[in-house]
Amino acid sequence: MALSISAAVLLGIIVFVLLKGGYVRAGSALVCALFGFTLAATGLAPTINSGLASLAGLISSF
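Fair warning: this is a prediction, and the values are worked out from it, not measured in the lab. (Residues numbered from 1 in each chain as written. Predicted model: local features only at pLDDT ≥ 70, side-chain atom pairs only at ≥ 80, totals over all residues. Heavy atoms only, no water.)

Colleague: Whenever I open this one, the overall build of the protein confuses me. Can you help?
Modeller: Tallying secondary structure elements over the protein gives three helices and zero strands in all. For the protein, the sequential pattern of α-helices and β-strands runs α-α-α. Taking 11 Å as the expected radius of gyration for a compact globule of 62 residues, we find that the protein reaches 14 Å, considerably beyond that expectation. Every one of the 62 residues in the protein was classed for burial, and the buried ones make up 3%. Accessible surface, the protein: about 5400 Å² in total, of which carbon and sulfur atoms supply 75%. (Helix = DSSP H or I, 4+ residues; strand = E, 2+ residues; numbered from the N terminus. Rg over C-alpha atoms; globule rule 2.2 N^0.38 Å. Buried < 20%, exposed > 50% of the residue type's maximum accessible area, 1.4 Å probe, protein only. Areas by Shrake-Rupley, 256 points an atom, 1.4 Å probe, with all protein chains shown as cover.)

Colleague: I'm lost on helix α2 (residues 26-40) in this one. Help?
Modeller: Think of an α-helix as 3.6 residues a turn; residues three or four steps apart then line up on the same face. The first and last C-alpha atoms of α2 sit 21 Å apart over 15 residues, in line with the 21 Å expected at 1.5 Å per residue. Burial of α2 is sparse: only one of the 15 residues sit out of reach of the surface. (Expected span 1.5 Å × (residues − 1).)

Colleague: Whenever I open this one, a nonpolar patch on the surface confuses me. Can you help?
Modeller: A cluster of nonpolar residues, Ile5, Val9, Leu10, Leu11, Ile13, Ile14, Phe16, Val17, Leu18 and Tyr23, forms a patch on the protein surface that exposes about 980 Å² of accessible area. With respect to the secondary-structure elements, Leu11 resides in helix α1 (residues 7-21). Owing to a relative accessible area of 52%, Leu11 belongs among the exposed residues under this scheme. (Patch = residues over 30% accessible without salt bridge, like charges linked within 9 Å, V, L, I, M, F, W, Y side chains within 5 Å. Salt bridge = Lys/Arg side-chain N within 4 Å of Asp/Glu carboxyl O.)

Colleague: Quick question: what am I supposed to make of the layout of surface pockets here?
Modeller: Counted as a void, the largest pocket has a volume near 550 Å³. Every residue lining the largest pocket is counted, 19 residues in all, and those nearest its centre are Leu11, Cys32, Ala33, Gly36 and Phe37. At the level of elements, α1, α2 and α3 (45-60) are the ones that each hand at least two residues to the lining of the largest pocket. Looking at side-chain class alone, the lining of the largest pocket contains 15 nonpolar, four polar and no charged residues. Quantified by volume, the second largest pocket comes out at close to 300 Å³. (1 Å grid on protein atoms, 1.4 Å probe; cavity = no way out; pocket = protein on both sides within 12 Å on 5 of 7 lines; lining within 4 Å. Points joined across faces, edges and corners; volume = space filled by probe spheres on them. Nonpolar A, V, L, I, M, F, W, Y, C, P; charged D, E, K, R; others polar.)

Colleague: What is the right way to read the environment of Phe16 from this model?
Modeller: The residue Phe16 is located in helix α1 in this model. With eleven residues separating them along the chain, Phe16 and Ile5 place their C-alpha atoms 16 Å apart.

As structure tokens, this is what we get:
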């Protein structure tokens, strides 16, 4: 059985766990989220998306 989960959901869960565990504070998580939104608006976004797609393909081949 294959499980399909979006990268945004997976990263959101990781951030939630890190916040609850006390490893990351809310301010730091907010800055990282804002950086992500800013980065998505740059010309580097297609490269990042293709890299994540390649990584997902590599992981799914196992």
